[in-house]
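Next come the chains, spelled out residue by residue.
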There are 2 protein chains.
Amino acid sequence: MKNSPETTDHIALAETAEPETRRSADSSERAYNAIRKLLVEFQLKPEERINEMRLAKSLSISRTPIREALNRLASEGFVSLTPNRGFFVRSLSTEGLIDLYELRSIIECAAFRLMCERASDDEIDSLRSYWAGLVEGYRDQPPDDILAEDERFHVLIAELSGNPEIVNQLQAINARIRFIRRIQIEHRSHDKDLVAAHSAIVDAAIKRDAEGGTELLRKHIELTVSATQEALKDALLKVYSSADQSPRQRRGRAASNT
Amino acid sequence: MKNSPETTDHIALAETAEPETRRSADSSERAYNAIRKLLVEFQLKPEERINEMRLAKSLSISRTPIREALNRLASEGFVSLTPNRGFFVRSLSTEGLIDLYELRSIIECAAFRLMCERASDDEIDSLRSYWAGLVEGYRDQPPDDILAEDERFHVLIAELSGNPEIVNQLQAINARIRFIRRIQIEHRSHDKDLVAAHSAIVDAAIKRDAEGGTELLRKHIELTVSATQEALKDALLKVYSSADQSPRQRRGRAASNT
DNA sequence: CGTCAAGAAAGTGTCGACACTATTGCGTTC
DNA sequence: GAACGCAATAGTGTCGACACTTTCTTGACG
């Protein structure tokens, strides 16, 4: 435990390869992205205590930007901070996630309603065309792309609500549930439903049918929630398999992304 | 559920609004509270660039905890961070505030609805009795107490929704609009309405009238919004008058003590 | 054998310093 | 006299160091 900080730890950080020793390339940001990635991929496990020094070493930066990133992640709910003991990975509980989904549903439904009231025809049409440009090859893309586009779709609605605070909140929530959504999408259990739901939502938007649209959205998200239950089991597996000694994959190329 | 309503420890105004994550160690916490106070009191003015070194000196601590506090405040929307130029006080615009109120309305209405569905009779009664214990001398208290109790009332509803994420969001929002609410309350323009509204809301809660209750809430908050317009004028005055020092002067003991 | 305590080790919280960047002030050119 | 560029200054971003706190180790005591 004490003698090999290099061999075992070395968390994959195939980040923007900057061959130069340019020290002023916003380390904080890099740390933030890297750590969040570790959290999403469960290389940092729920409830685990986060070791700042180890992180700093593995990212080859000092603890200061690490701490800044962790503070940010704490405000966003990814980790928590206990006074003299440091940062801990937020626990992964089903109910916690469901609470988040519920909040997301609330906010998105409200956004949709506001969009119906306020957005111009052009704006609504931009939503339509965004989705139209996507729907064809939607299912054939890598999970991360699907995820990004799905998020984008929902965020677009939030933007058309005209209330930037709604956008912010939604994006904060998205960031926190992204890890589970990715797993869900890998399941690919309800692609068709997703596509159909989005199309239906767009239709409702065009008709400015606030009631119908919010109902669709609610159902859409509810469906996702139930899929979440499934995904969570996978997630837990992942957590434990990526734990101490996973003989299968330890280092080398990142496991699942790209 | 798991959230015992017993944990009513008095919301002190200078207190953090984030219940869950962080009770940072001494300096950081102190910096956070101090800076937030400066923001609330407009000793740091909207759009102004924040000078970390000056703050550090005036609080007699190093820049590190200052930065940690600022990062936190940035995540919470009080300030913004521009890459190599530092932190800036968030601009004070009417529409920004209205967006926040709108979001608040959305979240509170949803909370009320969920409370109607989920809270036990005892829990609802705790809401009723909290308000009952308050209503008598409500108007005769100092503004800060009124504010705290008003917030508490609304947060209580959020807690009874059973969704802690809702509570968090509401408290984050409250923290950001508190400064203007304080000014509003000093106006005392619609006390009676406020008392009446709360009472009506409690009644609706007892009857589990989700529709009626959310409507009341929406109206209640809308009323507040229109009062906000008034208050904003005051706020702007305050901004400019509290800055006796011309922006030119940048040295010396600029930030007055607490 | 298990409990506990003292000391060692590990780790966080804060500091002062320094490199690099943005801004300000000044002198030069047209 | 104004625009431009260049030097000086102020300020941020990051670092390594250190003090203090928590956690682990080890050895004495019941």
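Scroll up for the structure.
Note that the structure is a prediction, hence the values are computed from the model and not measured. The residue count restarts for each chain, going from 1 along the sequence in the order it is written. All chains are assigned letters beginning at A, and all ligands numbers beginning at 1, according to the order in which they are written. pLDDT decides what is reported in this predicted model: residues at 70 or higher carry local features, side-chain atom pairs at 80 or more are listed and counted, and totals for whole chains, interfaces and linings draw on all residues regardless. The side-chain quantities take in all heavy atoms of the structure and omit both hydrogens and water.

### Re the environment of L73 of chain A
Residues and elements named next belong to chain A.
At step 1: Strands here are runs of E lasting at least two residues and helices are runs of H or I lasting at least four, both read from the DSSP assignment and numbered beginning at the N terminus. Within the fold, L73 resides in helix α3 (residues 63-75).
At step 2: Under the relative-accessibility criterion, L73 is labelled buried at 0%.
At step 3: Each C-alpha atom of the pair L73 and N33 lies 10.0 Å from the other, and the pair is 40 residues apart in sequence.
At step 4: Whether two residues touch is decided by their heavy atoms; if any such pair falls within 4.5 Å, the residues are in contact. Every residue in contact with L73, bar those within four places of it in the chain, is listed here: Y32, I35, R36, L39, F78 and V79. When a residue's accessible area, from a 1.4 Å probe over protein chains only, is under 20% of the maximum for its type it is buried; when over 50% it is exposed; and in between it is partly exposed.

### Considering the relation of the copies chain A and chain B
At step 1: All copies are superposed by least squares; the fitting set is the C-alpha atoms of residues with a pLDDT of at least 70 in both. Note on the identical chains: chain A maps onto chain B by a rotation of 180° and an axial translation of 0.2 Å, with an RMSD of 0.3 Å. What we have between these two chains is a two-fold relation.
At step 2: Both copies share a contact surface, since 79% of the interface residues of chain A are interface residues in chain B too.

### Side note on the environment of V167 of chain B
All names here are of chain B.
At step 1: Along the chain, V167 turns up in helix α7 (residues 164-187).
At step 2: On a C-alpha basis, the gap between V167 and V155 in space is 6.4 Å, while along the polypeptide they are twelve residues apart.
At step 3: Those residues within four positions of V167 in sequence are excluded, and the remaining contacts are V155, A158 and E159.

### Side note on helix α5 (residues 121-135) of chain A
All names here are of chain A.
At step 1: Multiplying one less than the number of residues by 1.5 Å gives the expected span of a helix. Its 15 residues place the ends of α5 21 Å apart at the C-alpha level, agreeing with the 21 Å of an ideal helix rising 1.5 Å per residue.
At step 2: What α5 keeps buried is the set I124, L127, W131 and L134. Along α5, the residues classed as buried sweep out an arc of 90° about the axis, all on the same side. The exposed residues of α5 that point more than 90 degrees off its buried face are D121, D122 and G133. Think of the arc as the fan of directions from the helix axis to the C-beta atoms.

### Side note on the protein's contact with DNA strand C
At step 1: The nearness test applies per residue and asks whether one of its heavy atoms lies within 4 Å of the molecule or strand. Taken together, 26 residues sit near DNA strand C, with R63, R67 and P83 of chain A together with S62 and R85 of chain B positioned nearest.
At step 2: In DNA strand C, atoms within 4 Å of the protein come 76% from sugar and phosphate.
At step 3: Separating a phosphate oxygen of DNA strand C from a backbone N or O atom of I50 of chain A is a distance of 3.0 Å.
At step 4: Throughout this description, a polar contact denotes any pair of N or O atoms lying within 3.5 Å of each other; where both atoms belong to protein, one of them has to be capable of donating a hydrogen while the other can accept it, and for residues adjacent in sequence the pair is counted only when both atoms sit in side chains. For DNA strand C, a base nitrogen lies 2.7 Å from a polar atom in the side chain of R63 of chain A.
At step 5: Taken together, the elements giving at least two residues each to the surface near DNA strand C come down to α2 (52-59) and α3 of chain A together with α1 (26-40) and α3 (63-75) of chain B.
At step 6: Under the scheme applied, nonpolar residues are Ala, Val, Leu, Ile, Met, Phe, Trp, Tyr, Cys and Pro; charged residues are Asp, Glu, Lys and Arg; polar residues are all the others, including Gly. Here the surface near DNA strand C is built from residues that sort into six nonpolar, nine polar and eleven charged.

### A closer look at the packing of aromatic side chains
Residues and elements named next belong to chain A.
At step 1: Aromatic contacts are taken between Phe, Tyr and Trp rings whose centres are within 6.5 Å, Trp giving its six-membered ring; a plane angle under 30 degrees counts as stacked, one over 60 as edge-to-face, and the others as tilted. Taken as a whole, this structure holds four aromatic pairs over all chains when the rule is applied.
At step 2: Residues W131 and F153 carry aromatic rings whose centres are separated by 5.4 Å and whose planes lie at 55° to one another, so their mutual orientation is tilted. Here W131 is found in helix α5, whereas its partner F153 is found in helix α6 (residues 143-160), with 22 residues between them in sequence.
At step 3: A positively charged side chain is recorded as over a ring if its NZ (Lys) or CZ (Arg) lies within 6 Å of the ring centre. The angle to the ring normal must also be within 35 degrees. When the ring centre of Y32 is taken as reference, the NZ or CZ atom of R72 above it lies at 3.8 Å.

### Section: the interface of chain A and chain B
At step 1: With 28 residues of chain A in contact, the opposing surface of chain B contributes 29 residues.
At step 2: As a working definition, buried area equals the accessible area (1.4 Å probe) given up by two parts on being put together, with both sides summed. Buried surface at the junction of chain A and chain B, summed over both partners, amounts to about 2600 Å²; 47% is from carbon and sulfur atoms.
At step 3: For chain A, the biggest contributors to the area lost against chain B are E68, S75 and E165 of chain A; these three give 21% of the whole.
At step 4: A pairing counts as a salt bridge when a side-chain nitrogen of Lys or Arg comes within 4 Å of a carboxyl oxygen of Asp or Glu. Counting every contact that joins chain A to chain B gives eight salt bridges.
At step 5: For R176 of chain A, the salt bridge is made with E165 of chain B, and the minimal N-O distance between the two is 2.8 Å.
At step 6: Viewed at the interface, chain B and chain A are joined by twelve residue pairs in polar contact (both at pLDDT 80 or more).
At step 7: Among the elements of the structure, α3, β1 (79-82), α4 (94-118) and α7 (164-187) of chain A are those that each provide at least two residues to the side of chain A that touches chain B.

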